[in-house]
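# Coordinate inspection notes
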Amino acid sequence: MGWGCALNTRTLTGTGDEIEREDLVEFRLLFEGELLPSAGSKKRASEKHVIRQSFHPQLRRLWTINSNLRQLAGQYYKAPFPGPNGGNPPIPSDQERFDGGIAKIGENWSRAGFQFVPLVTSDMALRCSIDITILRPEDDRFIFEAGDIDGQLKTLFDALRIPKDAGECGGAIPQADETPFFCLLEDDRLVSEVRVSTDQMLLLPNRREVKANDAHAVIHVKLNHKNARTFDNYFG
């Protein structure tokens, strides 16, 4: 009897070629919980925002610990104007430049009552490759077709980007630690390559029962500039 199993993998977007490894930034985002498919009239705005909230602290930590992203945020810092008595304002610390820059990015992407900080934006001219592994319960009770996984992927990708308006936030307002609110994408159309692998999951940790739409997702993100840069290379 064979006990092995192989991931079911397919490339959905792009050529499937490996992204250029020189000057590469890569990281992984995690999600576990109910991943409901969205299609047609089932917009799932509230459910998508809950997933978006799970990515927010992970991306906030990425900006905090990655030296290149800290430098990028510092480029948005605006020094205060001299006071009424003249004189130059004090030189800001690195942390002040970072905090001020992040706040400015959030102001630039303010919408639906939130101040968003997307990592992948059109003006950064990035090549973004995403490799997703989704573990799901698949047995005789839970039969999934291609449309189901596509619907789950749509939910996931909508949660990775900033919402277009308040309707896509599902009526949510910023929580105590959500100003600013960190997201991966300005728009999911900025993703150049997507690979998806699926496999069977027995049960989510800390759960005693399995639900049909339970999922554990590992999202492997690779970023690189589309064109070689001799300066302002924050992804090297």
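Just above, that's the structure.
Below you will find a few notes about this structure. (Residues numbered from 1 in each chain as written. Predicted model: local features only at pLDDT ≥ 70, side-chain atom pairs only at ≥ 80, totals over all residues. Heavy atoms only, no water.)

To continue, consider the overall build of the protein. Per the secondary structure count, the protein includes four helices and eight strands. For the protein, the α and β elements follow one another from N to C terminus as β-β-α-α-α-β-β-β-α-β-β-β. When each of the 236 residues of the protein is scored for burial, the buried share is 41%. Of the roughly 13100 Å² that the protein leaves accessible, carbon and sulfur atoms contribute 49%. (Helix = DSSP H or I, 4+ residues; strand = E, 2+ residues; numbered from the N terminus. Buried < 20%, exposed > 50% of the residue type's maximum accessible area, 1.4 Å probe, protein only. Areas by Shrake-Rupley, 256 points an atom, 1.4 Å probe, with all protein chains shown as cover.)

Our next topic: helix H2 (residues 67-74). Considered for burial, the residues of H2 that qualify are Asn68, Leu69, Leu72, Ala73 and Gly74. Capping the start of H2, asparagine 66 holds a side-chain oxygen 3.0 Å from the backbone nitrogen of asparagine 68, two or three residues further along. (Polar contact = N/O pair within 3.5 Å; in protein donor to acceptor, adjacent residues only side chain to side chain.)

Following threonine 179, the chain continues to proline 180 via a peptide bond in cis, the omega torsion being 0°. Located in the positive-phi region is arginine 44, a residue other than glycine, with phi close to 60°. Take arginine 44: it is sitting in the loop between strand S2 (25-34) and helix H1 (45-65). Here arginine 44 falls in the partly exposed class, since its relative accessible area comes to 22%. Positive phi values are uncommon outside glycine, yet alanine 112 reaches one of about 55°.

Geometric values such as these leave the question of function open.
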